[in-house]
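# Chains, contacts and geometry: an overview
Each chain, written out:
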Amino acid sequence: MDTSKPAIFVNGGLLPMHVRKRVRTVVQVIGSDRGAVIGKSTDDQQLSVKGTPPSVPLTNFVEVIGIADSEKSIQAEIWTNFGDTFDTYSYNQLCQLANGECQLLFL
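Anyway, here's the lowdown on the structure attached to this text.

Calculation rules
- Residues numbered from 1 in each chain as written.
- Predicted model: local features only at pLDDT ≥ 70, side-chain atom pairs only at ≥ 80, totals over all residues.
- Heavy atoms only, no water.
- Core = buried A, V, L, I, M, F, W, Y, C linked by side-chain atoms within 4.5 Å.
- Buried < 20%, exposed > 50% of the residue type's maximum accessible area, 1.4 Å probe, protein only.
- Helix = DSSP H or I, 4+ residues; strand = E, 2+ residues; numbered from the N terminus.
- Pairing = 2+ DSSP bridges.
- Contact = heavy atoms within 4.5 Å.
- Phe/Tyr/Trp six-rings, centres within 6.5 Å; stacked < 30°, edge-to-face > 60°.

## Looking at the nonpolar core
- Membership of the largest hydrophobic core comes to 20 residues, with the highest contact counts inside it found for L15, V23, V49, V64 and W79.
- Broken down by secondary-structure element, the contributors of at least two residues to this core are strand 2 (22–33), strand 4 (46–50), strand 5 (61–70), strand 6 (73–83) and helix 1 (88–98).

Here it is as structure tokens:
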């Protein structure tokens, strides 16, 4: 793991707390609109992911790492396909722990 540029685990509800910071999240791809991928966060909020997706087709679930440029959008630097199924409940629990009582365990 690259620790030189840490990214905070977030879901849609936590993203507003981290605007202008480096974040990572998983979205379910819904579609695209004007150069952005529209996705549903693991807590069912709609997010816009800007940037250049990889040349391979995106799977149903994608992890993005980048800068939160608003309360509902991320300028992605890294895109990683996570496949067509994903445990959104567990990811939400991870986000809560990473931003709460276990924050010191995360970068």
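That covers the picture; the talk isn't over yet.
## Examining the pairing of strand 4
- Note: strand 3 (residues 36–41) against strand 4, five bridges, orientation antiparallel. Looking across to strand 4, one finds that I38 is bridged to S48.
- Linking strand 3 to strand 4, which pair antiparallel, is a turn of four residues; within it D44 sits at a positive phi near 65°.
- Alignment of strand 4 against strand 6, held across three bridges, turns out to be parallel. Of the residues in strand 6, the one forming a bridge with S48 is S73.

## Describing the environment of Y91
- Take Y91: it is sitting in helix 1.
- You can call Y91 buried: its relative accessible area is 7%.
- With 65 residues separating them along the chain, Y91 and V26 place their C-alpha atoms 8.2 Å apart.
- Look past the residues within four positions of Y91 in its chain and what remains in contact with it is F9, V10, R24, T25, V26, T42 and F86.

## What about the packing of aromatic side chains?
- Inspection of every chain in the model, using the stated rule, returns four aromatic pairs.
- With 5.7 Å between their ring centres and 35° between their planes, F61 and F86 make a pair best called tilted. Residue F61 is found in strand 5, and its partner F86 is found in the loop between strand 6 and helix 1; the two are separated by 25 residues along the sequence.
- Three or more aromatic residues link up through ring pairs in this structure, and these residues are F9, F61, F82, F86 and Y91.

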